[in-house]
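Structural overview for review
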Amino acid sequence: MAKRQKRVFILGGGAALGAHHVGALKLLEERGIVPDTIIGSSIGCINACCYGSGGVARLETAWKEFSSLPRIFSPSLRHNPLHASPLELEFVLLNLSRGRGEMHGKRDCADWRELRTIARAGYAIPLLFPPIQFRGDWYVDGGFAWNIPLDRAIDLGATEIYLLAPIASQLPYRSRFRTFAGFAQRFIDVMWRTIGNAGYLYARMEGGRFHGVPVTVIEPGEQWSGFGPLAIFNAYPRKNRNLMGAGYRDAKRALAARRRAEASGRSARRRGGHAAETPAEAAEGAPDAGKTVSLHGSETDPDS
């Protein structure tokens, strides 16, 4: 019996950079690529709920209207079809009581109130929002624990994964640092991109696949890289529109790169050889392109 197809979207955290998700989701929806399951982390929890409640149209409206994360929106779940819909939702939470990252899903919630509680816990960024109590334990934003849970997508039975990562994994090259402050900022930038993307930066990818499952990574280019309080936590209409536009273009490039890689692989197999180009290599030549596999996908030594 053929394995049931299951498409899993992972919406990674990135605070105000979450507007990038909207453009990417719009392009995917236009291509007929919609999720069976969404795993959300941090801002991805909000976007997942909003998408599940009213699709891309509702997401676009929401991001065009709000202007700062402390005044963040959240769709009402009281009279919302989301809880009863077939779309599976899972959120990454950091359990402060037990000191560990955890996954909590819609299927585990008894009613819309519990779904609302875990959704709120998912974006409870420390210092910006208070911790949320759920079933006796205290929770906050899980992005600090497990922002890109590729392994969880495999556990859920994914046959295809789309990773929407709003934190750019590529930083512009710096040949020297004139001041200590510049060195410190660079260190923070590297830590931010590493924590935000560790789930796939160091994943064992082979030919754009993780445990045999094809993965398409859609992320912003270098112009959106680095960490800064205003860049990360401040959102305003013009910036949101620019990020949504970038998400749309990056998704388009990522899909084109995957098609080229798959065509190259088929051609190589017909010749009796091996694929000459991985999705990451195919995306390399496109300016500002979102990468389609782990940075280490073609470099991992299985014997190391």
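As a reminder, the structure under discussion sits directly above these lines.
None of these values were measured; they are calculated from a predicted model.

A short note on the side chain of His-20
Tracing the backbone shows His-20 in helix α1 (residues 19–30). In this structure His-20 comes out as buried when scored by relative accessible area, which is 1%. With sequence-adjacent residues up to four places away left out, His-20 is seen in contact with Pro-166, Ile-218, Glu-219, Pro-220, Leu-243, Ala-246, Gly-247 and Asp-250.

Things to note about the packing of α1 against helix α8 (residues 237–270)
Where α1 meets α8, the closest approach of the two axes is 6 Å, and the angle between their N-to-C directions is 45 degrees. It follows from the interaxial angle that α1 and α8 lie oblique. When the axes of α1 and α8 are compared, the crossing they make is right-handed. Listed contacts from α8 to Ala-19, His-20, Val-22, Gly-23, Ala-24, Lys-26, Leu-27, Leu-28 and Glu-30 of α1 are Asn-240, Leu-243, Met-244, Ala-246, Gly-247, Tyr-248, Asp-250, Ala-251, Lys-252 and Leu-255. Of the residues that constitute the contact of α1 with α8, the class distribution is 11 nonpolar, 4 polar and 4 charged.

Some thoughts on the nonpolar core
Core analysis: the largest hydrophobic core is formed by 53 residues, its most contacted members being Leu-28, Ile-38, Trp-63, Phe-91 and Leu-164. Listed by contribution, the elements that provide at least two residues to this core are β1 (7–11), α1, α2 (43–65), β3 (88–95), α3 (112–122), β7 (160–164) and α8. With 11 residues, the top contributor of residues to this core is α2. If we skip the residues at most four places from it in the chain, Leu-164 touches Ile-10, Leu-11, Gly-12, His-21, Ala-24, Leu-25, Leu-28 and Ile-218.

So, a positive patch on the surface
Together, Arg-209, Arg-266, Arg-269, Arg-270 and Arg-271 make up a region of like positive charge exposed at the surface. The leading source of residues in the positive patch is α8, at 3 residues. Looking at the secondary structure, you find Arg-271 in the loop between α8 and α9 (279–284). Using a relative accessible area of 62% as the deciding quantity, one classes Arg-271 as exposed.

Considering the packing of α1 against α2
As a packed pair, α1 and α2 sit with axes 10 Å apart at the nearest point and diverge in direction by 65 degrees. For the pair α1 and α2, the sense of crossing is right-handed. Between α1 and α2, the residues in contact are Ala-19, His-21, Val-22, Leu-25, Lys-26 and Glu-29 and Ile-43, Gly-44, Asn-47, Tyr-51, Val-56, Leu-59, Glu-60 and Trp-63, respectively. Of the residues in the contact of α1 with α2, the class split is 8 nonpolar, 3 polar and 3 charged.

Focus on the packing of aromatic side chains
Tallied over the full model, the rule gives 7 aromatic pairs. Between the aromatic rings of Tyr-123 and Phe-129, the centroid separation amounts to 5.8 Å while the plane-to-plane angle is 85 degrees, which identifies the pairing as edge-to-face. Residues Tyr-123 and Phe-129 agree in their burial class; the two are buried. Their ring planes at 85 degrees and their centres at 6.2 Å tell us that Phe-177 and Phe-183 sit as a pair that is edge-to-face. Counting every residue linked through ring pairs, the aromatic cluster contains Phe-177, Phe-180 and Phe-183.

About the criteria used
Residues numbered from 1 in each chain as written. Predicted model: local features only at pLDDT ≥ 70, side-chain atom pairs only at ≥ 80, totals over all residues. Heavy atoms only, no water. Helix = DSSP H or I, 4+ residues; strand = E, 2+ residues; numbered from the N terminus. Buried < 20%, exposed > 50% of the residue type's maximum accessible area, 1.4 Å probe, protein only. Contact = heavy atoms within 4.5 Å. Axes fitted to C-alpha atoms, helices over the stretch in contact; angles between N-to-C directions. Parallel < 35°, antiparallel > 145°, perpendicular 65-115°, else oblique. Left-handed = near helix turned anticlockwise from the far one by under 90°. Nonpolar A, V, L, I, M, F, W, Y, C, P; charged D, E, K, R; others polar. Core = buried A, V, L, I, M, F, W, Y, C linked by side-chain atoms within 4.5 Å. Patch = residues over 30% accessible without salt bridge, like charges linked within 9 Å, V, L, I, M, F, W, Y side chains within 5 Å. Areas by Shrake-Rupley, 256 points an atom, 1.4 Å probe, with all protein chains shown as cover. Salt bridge = Lys/Arg side-chain N within 4 Å of Asp/Glu carboxyl O. Lys, Arg positive; Asp, Glu negative; His and termini not counted. Charge placed at Lys NZ, Arg CZ, Asp CG, Glu CD. Phe/Tyr/Trp six-rings, centres within 6.5 Å; stacked < 30°, edge-to-face > 60°.

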